[in-house]
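A look at the structure
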Amino acid sequence: MSTREKLPEVQLVRAMAIIGVLSVHSTSFATLAMKDSNYYLLYNFFNVFMKIGTPTFLFLSSFVLFYSYSQRTLDKKLIKSFYARRLKYIIVPYALFSVFYFVLMHVLHYRDRSLEETFSKFIVSLATGKAYTHLYFIFISIQFYVLFPIFLGLFKRKPVVAKWAIPIGLALQWGFILLNKYALQVPNKGSWSLSYMSYFMLGACLGIYYPQLKAWIVISREQATATKIAVWGLLWLTGIGAGAYHMLLWYNTRLYGVAYNTLAYELAWNVHTYAAALMAFQLAHLLCRHAKPWLVHSMHRLGELSFGIYLIHPFFLLLYRSFPPEHASSRLLHFWYAGGFLFALICSWATVSLVVRLLPHAWVVFGQVPAVPRSRQTVRVASSN
């Protein structure tokens, strides 16, 4: 078995993704309540442009899996080990937080339910990722874990198929989108893995062929050629342009009630977030090489804690929103909404950090997280290799 180099920039991409998730969730109320504000465009920006979080997490998860496992022998022992780790570090925390949020919502809103109805509702919520709004992401990830050994085996037996992973992913995703729009009309479409197959397959292709593709992904003066500069520029123009169009669609819909064809929203979101996942990877490489050590170290630690932060941050947002300012001026409201983002980030970061440092078997709560962050020097040295 060949060992591939470690990629510390992956944690920086995770950090960007969790910041995107927090931005979207912390501005969700503002997009409804602040329509009369002169700064509504800014709220819409943080809520729509930053929707890169979930797709980037899914892309990155696929990338790491295929990068790590594509050079290993796919046998029963490997599959058993793979699912044992997912059960221990993903599904157990997911189940625990499903119980936590379900009980919390029951106490706050559904005390009149019978015990039988409550138990039945919980089982359905647990099995479909609906115990709380953000847990659908874990539900999608679990679906990808089921699919991963199947696709890995296929790509190993038929390497030519792996080379077509990106168009296959786009075809599967858009085939599902079109079939659902005109025939199936599946409820909660966004909770099913087919809605994200383009990101899964993008991660698969890059994970398998990363050593060959790295020169085209990493932006550096040493690697630059006219063709690469053109490709990099086209990627960033596409991502920013699609993101701007995506924001405009939602701005007109929210503020003026304009309704576009649902496929326009789908296409804008897909192009925007697809390009942004690659842009985040490029930006992470640039930060690793050129940013201040404290920034690289902080983002690296944020990336390590991102799964736990994802699980716990809605609780802190719920707590924060329980104390809105009364008779507040518009300026105070702006600070209050910004405070929600900071409160959720800081409290979640502190909580996960303390739990993994102080609680034995903290993986039960927040998955696999290093108790002690790597030193700044270690991260910088690794990132320069």
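I will try to describe carefully the structure that is included in this document. (Residues numbered from 1 in each chain as written. Predicted model: local features only at pLDDT ≥ 70, side-chain atom pairs only at ≥ 80, totals over all residues. Heavy atoms only, no water.)

1. Observations regarding unusual backbone geometry
- Positive phi, normally seen in glycine, also occurs at Gln185, with a value near 50°.
- Structurally, Gln185 is set in the loop between helix 9 (165-184) and helix 10 (197-208).
- By relative accessible area, which is 58% here, Gln185 ends up exposed. (Helix = DSSP H or I, 4+ residues; strand = E, 2+ residues; numbered from the N terminus. Buried < 20%, exposed > 50% of the residue type's maximum accessible area, 1.4 Å probe, protein only.)

2. Considering the pattern of salt bridges
- Within this structure, the stated rule accounts for three salt bridges.
- In this structure, the salt-bridge partner of Glu304 is Arg301, at a minimum N-O distance of 2.7 Å. In this pair, Glu304 and Arg301 are both assigned in helix 14 (residues 293-321), three residues apart and thus about one turn of the helix distant.
- Of the residues examined, Glu304 reaches a relative accessible area of 9% and is grouped as buried. (Salt bridge = Lys/Arg side-chain N within 4 Å of Asp/Glu carboxyl O.)

3. Brief notes about the packing of aromatic side chains
- One pass over the full model with this rule turns up 46 aromatic pairs.
- For the ring pair Phe66 and Phe148, a centre distance of 4.8 Å and an interplane angle of 80° mean the geometry is edge-to-face. Here Phe66, found in helix 4 (residues 53-69), pairs with Phe148, found in helix 7 (residues 136-157); they are 82 residues apart in sequence, far enough to count as distant.
- The structure contains a cluster of three or more aromatic residues connected by ring pairs, namely Tyr43, Phe97, Phe100, Tyr101, Tyr132, Phe315, Phe316, Tyr320, Trp336, Tyr337, Phe343 and Phe366.
- Here the guanidinium or amino end of Lys88 rests over the ring plane of Trp363, the centre of that ring lying 4.9 Å away.
- If you follow Lys181 out to its NZ or CZ, it ends over the ring of Tyr182, 5.6 Å from the centre. (Phe/Tyr/Trp six-rings, centres within 6.5 Å; stacked < 30°, edge-to-face > 60°. Lys NZ or Arg CZ within 6 Å of the ring centre and 35° of its normal.)

4. Some points on helix 7
- Helix length check: helix 7, at 22 residues, gives a terminal C-alpha distance of 32 Å against a target of 32 Å (1.5 Å per residue), a fit within 8%.
- Helix geometry: helix 7 is bent most strongly at Leu147, by close to 35°, with proline Pro149 lying one to four residues after it. (Expected span 1.5 Å × (residues − 1). Bend = angle between axes of the 7 residues up to and from the residue.)

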